[in-house]
Amino acid sequence: MTGTAEAMQFGIFTVGDVTPDPTSGRTPTEHERIKAMTTLALKAEEVGLDVFATGEHHNPPFVPSSPTTMLGWIAARTRRLILSTATTLITTNDPVKIAEDYAMLQHLADGRVDLMLGRGNTAPVYPWFGQDIRNGIPLAIENYALLHRLWREDTVDWEGRFRTPLQGFTSTPRPLDGVPPFVWHGSIRSPEIAEQAASYGDGFFHNNIFWPKDHTQRMVDLYRRRYAQHGHGTEEQAVVGLGGHVFMRRNSQDAVREFRPYFDVAPVYGHGPSLEEFTARTPLTVGSPQQVIEKTLTFREYAGDYQRQLFLVDHAGLPLKTVLEQLDMLGEEVVPVLREEFAKNRPADAPDAPTHTARVAAARARAGTGGTPSGPSR
């Protein structure tokens, strides 16, 4: 199980889009894209990154419809990498199935698992799974309330608005060591989700690749303030994760020239502002490794000392060879400097990034024993 304490975790996330390469016109097959994603995960561990995270999507042009299947495959081939989701759809998945699937994955990965809950951004997904997008926020709130209990209570009686009642239900397997996977609540724009994360004392992940820093600051500040008001600790002790998007070459002009055609057609944000406008207004960094370091370090200025930084590196049809080169630069040149710089002047009470080992130890300390914890940590 993962054990080394890190003040911050660095990793990559993928949305798993199948996009034509605008420079060659070639579109990878679904099989090629899926295998490429697993290759990136293995490479992430090889170059010393901490986290690999995959999105969950159920519509073209995206392929990662079954995150636990993919992460289970990766778990068997890695030893240190933390396996996460960049979105687990709390709105359209049954919370009972989430509880079972991720507890099973947690056991198979010896605790190297957490997940990021989100509502998704594709409206048609809701009716495909029998739901209504107009209930998105209420679904997220109710489903997580059930999931939270399923992982912490051996027997659950429950009745809500959106699914059939449960009577005397036990979710199996039980969480490893009595401690559920750590949960991040991911949101780009919904203060209700920041509030939900704060109320439970969970992590809040703001995937700020689309938004200017003042928006990110408002969301993170809301979460930190409410975290403290709910009695989980000080604002500085709240657990925050941020997204980012990078493309690097030794020479910044080469990076801009090479990435521009990909940016212009990107499924997530293409066909809008120019590359220059977007990089000026958002965390997207296209340039040299040093420029990536300098811009990423500015995130602390408006988000405070935080715990997890994930980069998107494989979007918009970039060929696998190019993405692997990005990972080499991240692992060899960027992340070692970021670890060192973010550690400077870090307050003593700023929490370390969450790991299963640390959370088990904390639960046992709260229970006052060295044995199995009587209840899971948050």
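Further up the page is the structure itself.
Notes on the structure follow. Keep in mind the model is a prediction, meaning the values are calculated, not measured. Throughout this document, residue positions are counted from 1 along each chain, in the order its sequence is written. Restriction of local features to residues with pLDDT of at least 70 applies here, the model being predicted, together with a cutoff of 80 or more for giving and counting side-chain atom pairs; totals for whole chains, interfaces and linings are based on all residues. Here the side-chain values reflect all heavy atoms present in the structure, with hydrogen atoms and water set aside.

### Description of the overall build of the protein
Counted only if it meets this: Helix and strand definitions here come from DSSP, where helices need a minimum of 4 consecutive H or I residues and strands a minimum of 2 consecutive E residues; each element is numbered from the N-terminal end. Only the C-alpha atoms count toward the radius of gyration. The rule for a globule is 2.2 Å times the residue count to the power 0.38. Buried residues are those whose accessible area, probed at 1.4 Å on protein chains only, stays under 20% of the maximum for their type, while exposed residues exceed 50% and partly exposed ones sit between those limits. In this analysis, two residues are considered to be in contact whenever any of their non-hydrogen atoms come within 4.5 Å of each other.
Broken down by element type, the protein carries 13 helices and 12 strands. Relative to its length of 378 residues, the protein is compact, with a C-alpha radius of gyration of 20 Å against a globular reference of 21 Å. Overall, the C-alpha framework of the protein stretches about 60 × 50 × 40 Å when taken along its three principal axes. Counting across all 378 residues of the protein, residues that qualify as buried make up 53%. For the protein, long-range pairs separated by at least 24 residues make up 71% of all intrachain contacts whose partners lie at least 6 apart in sequence.

### Focus: the pattern of salt bridges
Threshold: Think of a salt bridge as a Lys or Arg side-chain nitrogen and an Asp or Glu carboxyl oxygen that are within 4 Å of each other.
Inspection of the entire model under this criterion finds 25 salt bridges. A salt bridge links Lys43 to Glu46; the nearest nitrogen and oxygen atoms lie 3.4 Å apart. In this pair, Lys43 and Glu46 both sit in helix H1 (residues 30-46), 3 residues apart, roughly one turn of the helix. Exposure remark for Lys43: the relative accessible area of 14% places this residue in the buried category. Notably, a salt bridge pairs Arg174 with Asp154, separated by 3.2 Å at the nearest N-O pair. Of the two residues, Arg174 is situated in the loop between strand S7 (166-169) and strand S8 (182-186) and Asp154 in the loop between helix H5 (136-150) and strand S6 (156-158); the sequence distance between them amounts to 20 residues. When its relative accessible area of 22% is taken as the criterion, Arg174 is described as partly exposed. In the salt-bridge network here, residues are joined through shared partners; they are Glu6, Asp50, Arg80 and Arg339.

### Comments concerning unusual backbone geometry
Geometrically, the link from Pro60 to Pro61 is a cis peptide bond, its omega value of 5 degrees lying close to zero. Within the secondary structure layout, Pro61 lies in the loop between strand S2 (51-54) and helix H2 (67-75). For the bond running from Thr172 to Pro173, omega is -5 degrees, close enough to zero to count as cis. Residue Asp110 is not a glycine yet carries a positive backbone phi of 55 degrees. When you line up the elements, Asp110 lands in the loop between helix H3 (95-108) and strand S5 (114-118). You will see that Asn345, though not glycine, has its phi angle at about 60 degrees, which is positive. Mapped onto the secondary structure, Asn345 falls in the loop between helix H12 (320-343) and helix H13 (356-367).

### Concerning a negative patch on the surface
Rules: Patch membership requires more than 30% relative accessible area and the absence of a salt bridge. Residues of like charge join within 9 Å; the nonpolar side chains Val, Leu, Ile, Met, Phe, Trp and Tyr join within 5 Å. Note that accessible areas follow from Shrake-Rupley with a 1.4 Å probe, and for residues the cover is restricted to the protein chains shown. A residue counts as positive if it is Lys or Arg and as negative if it is Asp or Glu; His and the chain ends are not included. Just so you know, the charge point we use is NZ for Lys, CZ for Arg, CG for Asp and CD for Glu.
A cluster of like negative charges, contributed by Asp221, Glu235, Glu236 and Asp349, occupies part of the molecular surface. Inspection of the secondary structure assignment puts Asp349 in the loop between H12 and H13.

### Overview of the environment of Gln326
Within the element layout of this structure, Gln326 appears in helix H12. Using a relative accessible area of 0% as the deciding quantity, one classes Gln326 as buried. A C-alpha to C-alpha distance of 8.4 Å links Gln326 and Val246, two positions 80 residues apart in sequence. Those residues in contact with Gln326, other than ones at most four positions away along the chain, are Val246, Phe247, Met248, Arg249 and Val313.

### Some points on the nonpolar core
The criterion, for reference: Nonpolar core, defined: a set of buried Ala, Val, Leu, Ile, Met, Phe, Trp, Tyr and Cys residues in which side-chain atoms within 4.5 Å join the residues together.
Membership of the largest hydrophobic core comes to 99 residues, with the highest contact counts inside it found for Ile12, Tyr223 and Phe259. In terms of residue count, H12 provides more of this core than any other element does, 8 residues in total.

### Quick word on the environment of Arg218
Along the polypeptide, Arg218 turns up in helix H7 (residues 213-229). Look at Arg218 and you get exposed, because its relative accessible area is 52%. It is 8.9 Å that separates the C-alpha atoms of Arg218 and Tyr302, two residues lying 84 residues apart in sequence.

### Things to note about the pairing of S8
The test is simple: Should DSSP find at least two bridges between two strands, the strands are taken to pair.
For S8, a buried count of 5 out of 5 residues is recorded, marking the element as mostly surrounded by other parts of the structure. Side-chain alternation along S8 places Phe182, Trp184 and Gly186 on one buried face and Val183 and His185 on a second face that is also buried. Inspection of the sheet shows S5 paired to S8 by 4 bridges, in the parallel sense. The residue of S8 that forms the bridge with Leu117 is His185. Relative to strand S9 (residues 203-206), S8 runs parallel, the two sharing 3 bridges. In the strand pairing of S9, His185 is matched with Phe204.

### Some points on the packing of aromatic side chains
To keep things clear, this is the line we draw: Note on aromatic pairs: the rings of Phe, Tyr and Trp (six-membered ring only in Trp) are paired at centre separations within 6.5 Å, and the planes decide the class, stacked below 30 degrees, edge-to-face beyond 60, tilted for the rest.
Here the structure, examined in full by the defined rule, presents 10 aromatic pairs. Note on Phe10 and Phe342: the rings are 6.2 Å apart at their centroids and 35 degrees apart in plane angle, and the pair reads as tilted. Taken as a pair, Phe10 in strand S1 (residues 9-14) and Phe342 in helix H12 lie far apart in primary sequence, 332 residues in all. On the numbers, 5.1 Å between centres and 20 degrees between planes, the contact of Phe247 with Phe259 is stacked. Of this pair, Phe247 sits in strand S10 (residues 240-248) while Phe259 sits in helix H8 (residues 252-265); the two residues are 12 residues apart in sequence, bridging distant segments of the chain.

### A closer look at the side chain of Asn207
If you trace the backbone, Asn207 turns up in the loop between S9 and H7. For Asn207, a relative accessible area of 17% translates into the label buried. Leave out the neighbours within four places in its chain, and Asn207 touches Phe13, Ser187, Ile188, Gly243 and Gly244.

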